[in-house]
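Take a look at the letters that make up each chain.
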Amino acid sequence: MPKRQQLNTSGTTSGQGLLWLFGAILSIQGFGSALTEAGWNTSFGVAGLLRAADVPQWGTLLVGCAGTALLATAAWRRYAKGRGA
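Residues numbered from 1 in each chain as written. Predicted model: local features only at pLDDT ≥ 70, side-chain atom pairs only at ≥ 80, totals over all residues. Heavy atoms only, no water.

1. Comments concerning the pattern of salt bridges
Keep this limit in mind: The salt bridge definition used is simple: a Lys or Arg side-chain nitrogen within 4 Å of an Asp or Glu carboxyl oxygen. Under the scheme used here, helices are H or I runs from DSSP no shorter than 4 residues and strands are E runs no shorter than 2 residues, and both carry numbers assigned from the N terminus. For every residue, the accessible area obtained with a 1.4 Å probe (protein chains only) is divided by the maximum for its type, and the residue is called buried under 20%, exposed over 50%, and partly exposed between those limits.
In the structure shown here, the tally under the stated rule is one salt bridge. Across the salt bridge formed by R51 and E37, the nearest N and O atoms sit 2.7 Å from each other. Highlighted residues: R51 in helix α2 (residues 45–52) and E37 in helix α1 (residues 14–40), separated in sequence by 14 residues. Residue R51 is classed as partly exposed on the basis of its relative accessible area, which comes to 21%.

2. Quick notes on α1
Rule in force here: Multiplying 1.5 Å by the helix residue count minus one yields the expected span of that helix. Throughout, a contact is declared for two residues whenever any of their heavy atoms are within 4.5 Å.
When the terminal C-alpha atoms of α1 are compared, their 37 Å separation across 27 residues agrees well with the 39 Å that a helix rising 1.5 Å per residue should span. Buried positions along α1 lie against α2 and α3 (59–84).

3. Let's talk about the packing of α1 against α2
As a reminder of what qualifies: Lines are fitted to the C-alpha atoms to define the axes, a helix being fitted only along its stretch in contact, and any angle between axes, read from their N-to-C directions, falls within 0 to 180 degrees. To sort the angles, those under 35 degrees are grouped as roughly parallel, those over 145 as roughly antiparallel, those from 65 to 115 as roughly perpendicular, and the leftovers as oblique.
Contact geometry of α1 with α2 gives a least axis separation of 7 Å together with a crossing angle of 75 degrees. With respect to each other, α1 and α2 are oriented roughly perpendicular. On α2, the residues touching Q29, S33 and E37 of α1 are G45, V46, A47 and R51.

4. What to know about the packing of α1 against α3
For any two helices packed against each other, the geometry comes down to the angle between their axes and how far apart the axes lie. Using the following cut-off: Helix crossings fall into two classes, left-handed where the near helix is turned counterclockwise from the far one by less than a right angle and right-handed where it is turned clockwise. Residue polarity is assigned by list, with Asp, Glu, Lys and Arg as charged and Ala, Val, Leu, Ile, Met, Phe, Trp, Tyr, Cys and Pro as nonpolar; anything else, Gly included, falls into the polar class.
Viewed as axis vectors pointing N to C, α1 and α3 meet at an angle of 150 degrees, and their least axial separation amounts to 7 Å. By the criterion of interaxial angle, the relationship of α1 to α3 is roughly antiparallel. Crossing hand, α1 versus α3: left-handed. Broken down by class, the residue content of the contact of α1 with α3 amounts to 14 nonpolar, ten polar and two charged.

By themselves, these are just geometric observations and shouldn't be taken as functional.
Below, the structure is given as structure tokens:
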């Protein structure tokens, strides 16, 4: 009887990797844009796009918070996956 091969589940799936990626991008863009705008009175990236769309200044902080939520979700999934094994 042939042996069954186990799947390698130690790596992250593409969906899990995308959570980390988008979470990092949104956090850096959101909080970085808010910090740059507050400190140097200039807009870049997300802040520039949001200003062009007439979104209030606190909108960039919401983008940063959304990124942080994605990072927390990715971390929780990794933690839960480790505890389930």
